[in-house]
Every structure is written in C-alpha cells, then in structure tokens.
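# Fold and geometry: a report
Listed here are the chains, written in short residue letters.
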Amino acid sequence: MTDVVETLAGARRLRAAGRDLAALDLLAAQADRDWTLDPAGLRLAWLEEFVAVFRALADDVAAAELCERMVELDDRLSRSAGAVLSPADHDRIARAYELLVIFHAELDRYDEAHRATTLRFVEAAKEAAFSRALPVAAGDPELVRELARLEAAADHRLRAELDAAPGRATRGLIVRQAHDVDRERDRRIAELRAVLAARPRTGRVRAYLDARPAAIAGVDQLAYRLDRAENELTAYLIRADGSTAAWTTEVNPAALDALLVVLGHFPEGELDYLVERLTALLVPPPVAAALDAGTVLVSPDPQLLAVPWEALGLGLRFRLCRTPSLLRASGQPIDVPVRRALVVADPLGDLPAAAAEGARVAGLLRAYGVEVTELAEAGRDALARALPDFPLVHYAGHTDYLAADPASSHLVLADGPLTVGDLAGVTPAADAVFYLSSCESVRSGPDTLGLGAVLVVKGAAAVIGSNWPAGDAASAAMVEPFYAALLGGDTVAGALRSARATLAGRGEPIAAWALPAVIGQPFVRVRTPSLGP
C-alpha cells in the first residue's frame, strides 16, 4: 500500500511540474497490481489520478473509460455489506459520474444515440449520492433544539422582510442589513452545523447502480440535470412507449437559486408568482405538451429538490410521484397489506386540529377493518420501536426542517426531536406507506437526506409529506379525500391527485392543494381487511 501512496504523490508532483507523460508512466507501473488486499479507496485514488492525467493530455475517451472503471467499482461495493468508503472516496465517485455525464452529454449534442448512456450516468450519479452512508443520531438532542431555535429566529426575521417588500422579494433583490444579533446567530449556526456534520455515519444502504432507466407502461418519466458550469438545464423524457426526448435550455442558476430561497420561506402572497416563474423554467410548453401518460415520475436534479413539482402544472393533470433516481423506478404494482396502522397525532398537545385529524384518520381506517394504534404523547424511543411493526403510519404534528443541517431535521415529539439520523437507524415495515402531515416534511438538502427521503432509502414504498409549512386547516382538508381514494383502491399517487382536484375544485389556493407530495414508487396501493362501510 505504501508504494501506491508514494506513486500518487510522485504523479501529483510531476503533473504540477507539467510533466504529464512522466506522471502517466509512473501510474501505469501499478496497472497489473493485485488490488484485492488494498482498501477500495486507494484504488479509487489511483484511478482518479489517471483520469486527471488523461484530461490534461486532452484524451477524453481514455479518461471516460477510467471513470467507468471507478463507477463499476462503486457498483460492486454497493452490493457488499462490508465495504466502507470515506467521504473523500464518495467525492471521487461523484466526480467520476459528473465527468461521464459531461463526456456523453457532449456526444449527445451530435448523436442522439448517446442519450441513453448519458441518462444512465445522470441517474446513477443521483443514486450514488442518495444511497451513500447515512448519518447516525446526533447524540445530543439539545444541540438539535438549539439549531432549530436559531433557524426559526432567522426565518422569522426574513419572513418579516419578505412581507414588507413582496415585489422585491420575488426578484431576489432583498438586501438584508447585518445587525450584531444576526452575525452572532449566524456564527452559532455555523458552529452547531460543524459539530453535527462531524458525527459518524452508518454503513451504506444498497444502491440500484446495476439498473438502467427503462420504459414503464402507463408512466412518463422526467429526469432533470442542472449544469451550473454551462448555465444549462436539461430535461430528459422516457415515454411510456419507450421513446425518448430531451430539451436543453439556458438558465441562470443564481436566479433559480433565488427563487427557491424565497420559496423556502413560503411567502403565501408571492406563491403564484414563484410557481409561474418556476413553471416557465422547468416545465416549459414543449415539455408539458410531451407528457400524455396518466402517471408522471419525476427525478429532480439534487439542486432542485426544493421545487414543488406538484404546483407546476403537473399535480392536477397527472398521478405525480417523485423518485430519487429513475434507477429505482418499477412498473410493478406494490400491494401493501394493511391490517395494522399507527397514528401519531399532536404529540405535544398544542395542535388541536392535528389531534382531530388523527382521530379522523383512525376512524377512516377502522371502517375498513384496520386495527389502529394511537400513540398519545409519543416519545422518541416509543415511536422508533413501533415503526417496524406498522405498514401504514400517519403522523400529524410538528416537524422542523433545518436547512443548515438537513440530517438534523426532525419530528418534534413529547420528549424531544426524532431526527433523520435517528430514523436512519430504524428499519420500517417492508414497503411501508408513511403520511407525514407536517411542515416541510418532504424537503431534502442537495447533499443530505431529509425526513421523507430517509424513510424511502430505508425501504418505505411511498412517503407523503409537505412541500412547505403546513397550516392546520390545509393539512386536515387534504387528508379525508386522500384516504377516501386510497382506501377505495387508488394508488398513493392517484389518491393525492384526486385530493388535489377536490381542493382545487373548491377554489382552494395553490398553497393548499399543492401542499403534499409523494416520494417512492408510482404504483403503491394498500389492501385492507374489508371493503369499507
């Protein structure tokens, strides 16, 4: 192993001196090495150094071939329970995927035959990032509580500014004056984020890197890639009949970021404008016109996870479902037998509307013969222990999505926060369905899983959550038509579309009918002991 480390150091010195061919010869001396006794990360470092040399020599074909060897190694390791890669190794793999995407996307400009390969690597890059090692519990709930308090204070101040200048807010022109309290708060947020980010990680969850995007009967599949270096957004479409299309448009990533930042603070008065702008950027008329299947599956770019796709002309037209990558997509129906269900409502005792929502959900389920367990004043340990026993879980209460550290986002329970890291240590019932009727419960960060996503990576078939802060009335209004359709035999995605149509038909605003989203598989249904009343 020492000789490889010395080889890498020597190659870097030669490259820095402009002696790329000499660096190539030095690295090639290890080409016949038996790597079975070396850490996987060492081989990845060697391959990446080779890639750097070939890129310096303008040999993109050789560089791409070596990148493929790196991702093939990642594919094999994803199926190995004992494989452990460091964050630096994951970063190397991410760079290899990105180079492969860039290489094939450039070829795709001149020959559409490369599109399938480009899309494969676009989706594999998402999958590799999504399924990488999960964070463990933060260890000190008080740190999480403090971060939540600080973020809430910062959010409250920004919302006040948005309300005071709504026209400027949507154009990204807010200029915030830095006050001493703001600087101190930001400093403390940075400190807490550093402490929480340093926590160890669990073993990697199995990825689907050996899969390929493929047509699914009755489903149009949309995948997005945002290229910040080229200021381009590409939307790839796999139609239900197997044909493909792609649209590349010029975008200003900074403007897109500004829209999503403002949206993240949910200025209701600006929502229609924000949705109109995002629709024009992400689902322009040619893309919208190309969609004609009953179900649409969206695989966002990791930088677009905050987009409320349901509001962009899709949520009312289609049975809409999000997926971390198209590699996970399955056209097989998933029937979830639900004999038992868990309802957790108003665990802090301060949301009477959530308590009423939980009682209503429990009543609807019991009418279909489901045995319902209601956890009053649920605690962290009690809920974590209960989750593996229930194929259907409904939560109505507080959640905190923490933008500074999404892995510390949490359900707010009677005795403290149940974080993403805590949920990463829980194995839900196979193909479970979760409804998180709470604020921002479907949100994730570009590099870290949120509450809904962590349940999917742990094996849930479908997770329903909220795009933005959820008012009690809006949450409760969505629940009854959703469960009526779901228990009547519709898919989870279909039941959400039906519920959206019900609310929109009553004249409810976008903030209400576009509130919930579903992550997971497109054809998930529940099967109850009886057909209902």
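Residues numbered from 1 in each chain as written. Predicted model: local features only at pLDDT ≥ 70, side-chain atom pairs only at ≥ 80, totals over all residues. Heavy atoms only, no water.

## Some details on the overall build of the protein chain
Here is the rule we go by: Runs of H or I in DSSP of at least four residues are treated as helices and runs of E of at least two as strands, each being numbered from the N terminus. For each residue, the accessible area found with a 1.4 Å probe, counting protein chains only, is set against the maximum for its type, and the residue is called buried under 20%, exposed over 50%, and partly exposed in between. When checking whether two residues touch, look at their non-hydrogen atoms; a contact exists if any pair is within 4.5 Å. The protein chains shown are the only cover counted for residues, whose accessible areas, like all others here, come from Shrake-Rupley with a 1.4 Å probe.
In terms of helices and strands, the protein chain carries 19 helices and 16 strands. Burial analysis of the protein chain (533 residues in total) assigns 55% to the buried set. A fraction of 75% describes how many contacts in the protein chain between residues 6 or more apart in sequence connect residues 24 or more apart. Entry remark: accessible area of the protein chain is about 22,100 Å², with carbon and sulfur atoms responsible for 53%.

## Focus: the side chain of D89
Threshold: For this analysis, a polar contact is any N or O atom pair within 3.5 Å, provided that within protein one partner can donate a hydrogen and the other can accept it, and provided that sequence-adjacent residues contribute only side-chain to side-chain pairs.
By secondary structure assignment, the location of D89 is in helix α5 (residues 87-108). Of note is the side chain of D89, whose polar atom sits 3.0 Å from the side chain of R92.

## Here we look at the environment of T118
Counting through the fold element by element, T118 comes out in helix α6 (residues 115-130). On the accessibility criterion, T118 (0% relative accessible area) is buried. As a C-alpha pair, T118 and H104 span 14 residues in sequence and 5.2 Å in three-dimensional space.

## With respect to the packing of helix α13 (residues 352-366) against helix α17 (residues 472-487)
Heads up, the rule is: An axis is simply a line fitted to the C-alpha atoms; with a helix, the fit covers only the stretch in contact. Between two such axes, the angle follows the N-to-C directions and lies from 0 to 180 degrees. Should an angle fall under 35 degrees it is taken as roughly parallel, and over 145 as roughly antiparallel, whereas 65 to 115 is taken as roughly perpendicular and any remaining angle as oblique. Gly is placed with the polar residues, together with every amino acid not listed as nonpolar (Ala, Val, Leu, Ile, Met, Phe, Trp, Tyr, Cys and Pro) or charged (Asp, Glu, Lys and Arg).
Across the interface, α13 lies against α17 with an axial gap of 10 Å and an inter-helix angle of 5 degrees. Overall, the two elements α13 and α17 adopt an arrangement that is roughly parallel. Counted together, A353, E357, R360, V361, L364 and L365 of α13 and D472, S475, A476, V479, E480, Y483 and L487 of α17 form the full contact between these two elements. Residues of the contact of α13 with α17, tallied by class, amount to eight nonpolar, one polar and four charged.

## Section: the packing of helix α3 (residues 40-56) against helix α4 (residues 60-78)
Each pair of packed helices gets described by two things: the angle between the helix axes and the distance between those axes. Put simply, the rule is: Should the near helix be turned anticlockwise from the far one by less than a right angle, the crossing is left-handed, and should it be turned clockwise, the crossing is right-handed.
Viewed as axis vectors pointing N to C, α3 and α4 meet at an angle of 165 degrees, and their least axial separation amounts to 8 Å. Judged by the inter-axis angle, α3 sits roughly antiparallel to α4. Like other packed secondary-structure pairs, α3 and α4 cross with a definite hand, here left-handed. Taken together, the residues of α4 that come into contact with α3 (itself represented by A40, R43, L44, W46, L47, E48, F50, V51, F54 and R55) are A62, A63, L66, C67, R69, M70, L73, R76 and L77. Taken together, the residues of the contact of α3 with α4 sort by class into 14 nonpolar, no polar and five charged.

## As for the confidence of the model for the protein chain
Our working rule: pLDDT expresses, on a scale from 0 to 100, how confident the predictor is about each individual residue.
Summing up the model confidence of the protein chain, the mean pLDDT is 86 and the portion of residues at 70 or higher is 90%. When the criterion is pLDDT under 50, residues 168-181 qualifies, and its contacts beyond four places in sequence or with other chains add up to 22 contacts.

## Quick look at the sheet that holds strand β11 (residues 410-413)
We count it as follows: Strand pairing is assigned whenever DSSP detects at least two bridges linking the two strands.
The strand order across the open sheet built from three strands is β10-β11-β12, with neighbouring strands paired in antiparallel fashion. If you trace the sheet from one side to the other, it starts and ends with β10 (399-400) and β12 (416-419), each paired once. Sheet analysis places β11 next to β12, joined by four bridges and oriented antiparallel. Residue L413 lies in a different strand from β12, and its bridge partner there is G416.

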